[in-house]
Amino acid sequence: MDKLLIVSANQGKWFNQYLNEFADTGLDVTVNFRSGRKVQEIDSAIVEQTCSFTDVVLHLGTNNIPDRFDSPPIIVKRMHDLVGRILMVNPTCRIHITSILPRQRNDFQYGTERQRQSRDYQRHMDFIDFCNSKVNCIILR
């Protein structure tokens, strides 16, 4: 039987209500979520947990975006390192990385409200697009 582990931040709290629809398929699903979780906060206990699963979904990265110290290349490197750590423990598991979800910021500091929202949102989306394109490269290797 296939076993799926979903590692997520806060969005993961909603997964179980949707996963119940797949209960009769025989897929064993475990959701491990924590509010505010960042990619680099996946500790060795969670990595070790992956050894008993056939598939691992990493639904992470959104909480790294507001952090001014995490540039897109740093987030991608952290995701790449996490994938490597999981594969060291479970080399046969299939790893699936979801795209980083956009999140509107509200700490605007310049221009009119509309200009602030537009400028900040575009930077936010450019940042997310860059991360998502690079994370896809991790999976294709």
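These remarks concern the structure in this document. (Residues numbered from 1 in each chain as written. Predicted model: local features only at pLDDT ≥ 70, side-chain atom pairs only at ≥ 80, totals over all residues. Heavy atoms only, no water.)

Things to note about the state of the cysteines
In step 1: Counted according to the given criterion, the structure contains zero disulfides.
In step 2: Sulfur of C51: no disulfide; nearest cysteine sulfur belongs to C93 and is 9.9 Å away.
In step 3: C51 gets classed as partly exposed once you look at its relative accessible area, which sits at 47%. (Disulfide = S-S within 2.5 Å. Buried < 20%, exposed > 50% of the residue type's maximum accessible area, 1.4 Å probe, protein only.)

Things to note about the sheet that holds strand β2 (residues 28-33)
In step 1: Strands sit in the order β2-β1-β3-β4 across an open sheet of four strands; the sheet is parallel. Lying at the two open borders of the sheet, with one neighbouring strand each, are β2 and β4 (94-97). Across the sheet, the mean angle from the axis of one strand to that of its neighbour is 15°, orientation sign disregarded.
In step 2: Pairing geometry for strand β1 (residues 3-8) and β2, over six bridges, is parallel. Counted as the bridge partner of K3 is D28 from β2. (Pairing = 2+ DSSP bridges. Helix = DSSP H or I, 4+ residues; strand = E, 2+ residues; numbered from the N terminus. Axes fitted to C-alpha atoms, helices over the stretch in contact; angles between N-to-C directions.)

Side note on the environment of L5
In step 1: With respect to the helices and strands, the residue L5 is situated in strand β1.
In step 2: Expressed as a C-alpha distance, the spacing of L5 and I46, which sit 41 residues apart in the sequence, is 10.0 Å.
In step 3: Setting aside its immediate chain neighbours within four residues, L5 contacts T30, N32, Q49, T50, F53, D55, V56 and V57. (Contact = heavy atoms within 4.5 Å.)

A closer look at the nonpolar core
In step 1: One finds V7, L58, L60, L82 and I86 to be the most contacted residues of the largest nonpolar core, which totals 17 residues.
In step 2: The set of elements that each furnish at least two residues to this core consists of β1, α2 (44-49), β3 (55-59), α3 (72-89) and β4.
In step 3: For this core, the element with the most residues is α3, which contributes four residues.
In step 4: Excluding residues within four positions of it along the chain, V7 makes contact with N32, R37, I42, I46, V56, V57, L58, H59 and L60. (Core = buried A, V, L, I, M, F, W, Y, C linked by side-chain atoms within 4.5 Å.)

With respect to the side chain of S8
In step 1: Within the secondary structure, S8 is located in strand β1.
In step 2: Every residue in contact with S8, bar those within four places of it in the chain, is listed here: F15, N32, F33, R34, R37, H59 and L60.

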